[in-house]
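Each chain, letter by letter, is given below.
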Amino acid sequence: MPKYKPIESDIEVLGSSIISTINSFPDKRETELKQIFAEHGIKNPNEEEWYPNEANLAAMSTLYEKFGAGMLEKIGRDKPKNIIWPPNIETAVDAVMSIDEAYQKNHRNGKIGGYHAEQVGKNRIELVCDNPYPCPLDQGLIEGVAFEFADKTAMVSEIGEECREEGGEHCTYKVDLY
């Protein structure tokens, strides 16, 4: 039984998001990754087609079991380079604040949760993540976005009282941009 499940059963994910996951792995593992997605019903994904997020999340569960949290963090860090991203991003604050907009553009058909950002200081943002994706993937995604646009560096840490990996409904992250 997959560890990660969609909030609603009709949710779909854009193929470019799945392809970005596959592209996060070394070329020599591409066939293996495609096989994992195929085992869950996603064969030869196309960037512009939509796929059941239930199958995508089942594949994420397999990736977590097979490769561990570190690989999911890497997949998340690579997402900003490979998915539809909002235009006109000028600063790291803009980028982190737009994560939810990008997430929404890559999913459709119901309640999908999100990345709810609040700027709590000039260079500090808190994000509450209540989506069905693995926490390590979320942390990697936030880091990838922050590092992609930060002037020098960024620090991302989980600060919440609850965590989805431990049965909570959401995770909260603090992002400091330098």
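Everything discussed here concerns the structure shown above.
Definitions and limits used
- Residues numbered from 1 in each chain as written.
- Predicted model: local features only at pLDDT ≥ 70, side-chain atom pairs only at ≥ 80, totals over all residues.
- Heavy atoms only, no water.
- 1 Å grid on protein atoms, 1.4 Å probe; cavity = no way out; pocket = protein on both sides within 12 Å on 5 of 7 lines; lining within 4 Å.
- Points joined across faces, edges and corners; volume = space filled by probe spheres on them.
- Phe/Tyr/Trp six-rings, centres within 6.5 Å; stacked < 30°, edge-to-face > 60°.
- Helix = DSSP H or I, 4+ residues; strand = E, 2+ residues; numbered from the N terminus.
- Buried < 20%, exposed > 50% of the residue type's maximum accessible area, 1.4 Å probe, protein only.
- Pairing = 2+ DSSP bridges.
- Core = buried A, V, L, I, M, F, W, Y, C linked by side-chain atoms within 4.5 Å.
- Contact = heavy atoms within 4.5 Å.
- Axes fitted to C-alpha atoms, helices over the stretch in contact; angles between N-to-C directions.
- Parallel < 35°, antiparallel > 145°, perpendicular 65-115°, else oblique.
- Left-handed = near helix turned anticlockwise from the far one by under 90°.
- Nonpolar A, V, L, I, M, F, W, Y, C, P; charged D, E, K, R; others polar.

Novice: Would you mind showing me how to read the layout of surface pockets here?
Specialist: In this approach a probe as big as a water molecule rolls over the atoms, and the regions it shows empty are the leftover space. Estimates place the volume of the largest pocket at around 320 Å³. Taken together, 13 residues make up the lining of the largest pocket; nearest its centre are Asn 131, Pro 132, Arg 164, Gly 168 and Glu 169.

Novice: Would you mind showing me how to read the packing of aromatic side chains here?
Specialist: The description of an aromatic ring pair rests on the distance of the ring centres and on the angle between the ring planes. The final tally for this structure, using the stated rule, is 4 aromatic pairs. Where Tyr 103 meets Tyr 133, the ring centres are 6.2 Å apart and the plane angle is 85°; that geometry is what we call edge-to-face. Pair noted here: Tyr 103 is in helix α6 (residues 99-105) and Tyr 133 is in the loop between β5 (124-129) and α7 (135-149), with a separation of 30 residues, a long-range link. A connected cluster of aromatic rings, assembled from ring pairs, spans Tyr 103, Tyr 115 and Tyr 133.

Novice: Could you clarify how one ought to interpret the pairing of β5 in this entry?
Specialist: For a regular strand, side chains alternate in direction, first toward one face of the sheet and then toward the other. The two faces of β5 differ: Ile 125, Leu 127 and Cys 129 on one face are buried, but Arg 124, Glu 126 and Val 128 on the other face are not. One ladder, built from 6 bridges, connects strand β4 (residues 115-121) with β5; its direction is antiparallel. Of the residues in β5, the one forming a bridge with Ala 117 is Leu 127. A loop of 2 residues connects β4 with β5, the two strands running antiparallel in sequence. Here β5 runs beside strand β7 (residues 171-177); their pairing, made up of 6 bridges, is antiparallel. Opposite Arg 124, over in β7, you have Asp 176 as the bridge partner.

Novice: I tried to follow the nonpolar core on my own but got confused; where do I start?
Specialist: The nonpolar side chains of a soluble globular protein tend to be buried with one another. If you look at the biggest cluster of nonpolar residues, it comprises 46 residues, and the most contacted ones within it are Leu 63, Val 96, Val 175 and Leu 177. Here this core takes 6 residues from α7, the largest share from any one element. Apart from residues no more than four positions distant in its own chain, Val 96 is found in contact with Ala 117, Ile 125, Leu 127, Val 145, Ala 146, Val 175 and Leu 177.

Novice: Just to check I follow, could you spell out unusual backbone geometry for this structure?
Specialist: Most peptide bonds adopt trans geometry, and most residues besides glycine take a negative phi value. Residue Asn 44 is not a glycine yet carries a positive backbone phi of 45°. Structurally, the position occupied by Asn 44 is in the loop between α2 (30-39) and β2 (50-52). Unlike most non-glycine residues, Asn 109 shows phi in positive territory, near 80°. Counting through the fold element by element, Asn 109 comes out in the loop between β3 (107-108) and β4. On the accessibility criterion, Asn 109 (41% relative accessible area) is partly exposed.

Novice: Looking at this structure, I do not really get the packing of α2 against helix α3 (residues 53-67). What am I missing?
Specialist: Packed helix pairs are specified by the crossing angle of their axes together with the interaxial distance, meaning the distance between the axes. Running from N to C, α2 and α3 point in directions that differ by 135°, and their axes come no closer than 8 Å. Comparing the axis directions of α2 and α3 gives the class oblique. Pair α2 / α3 crosses with right-handed handedness. Residues Glu 32, Leu 33, Ile 36 and Phe 37 of α2 lie in contact with α3, whose contacting residues are Asn 56, Ala 59, Thr 62, Leu 63, Lys 66 and Phe 67. Among the residues forming the contact of α2 with α3, the class breakdown is 6 nonpolar, 2 polar and 2 charged.

Novice: What exactly am I supposed to notice about the environment of Leu 72 here?
Specialist: Its location among the elements puts Leu 72 in helix α4 (residues 69-82). Classification of Leu 72 by relative accessible area gives buried; the value is 0%. As a C-alpha pair, Leu 72 and Ala 92 span 20 residues in sequence and 22 Å in three-dimensional space. Not counting residues up to four positions away in its chain, the partners in contact with Leu 72 are Met 60, Leu 63, Tyr 64, Pro 134, Pro 136 and Leu 137.

Novice: What is the right way to look at the sheet that holds strand β6 (residues 154-158) in this model?
Specialist: Note: strands within a sheet are paired through backbone hydrogen bonds, in either parallel or antiparallel orientation. Taking strand neighbours across the sheet as the criterion, the 4 strands line up as β4-β5-β7-β6 in an open arrangement whose pairing is antiparallel. Whereas interior strands pair on both sides, the edge strands pair on one side only; in this sheet they are β4 and β6. Averaged over neighbouring strand pairs, the angle between their axes works out to 20° when direction is ignored.

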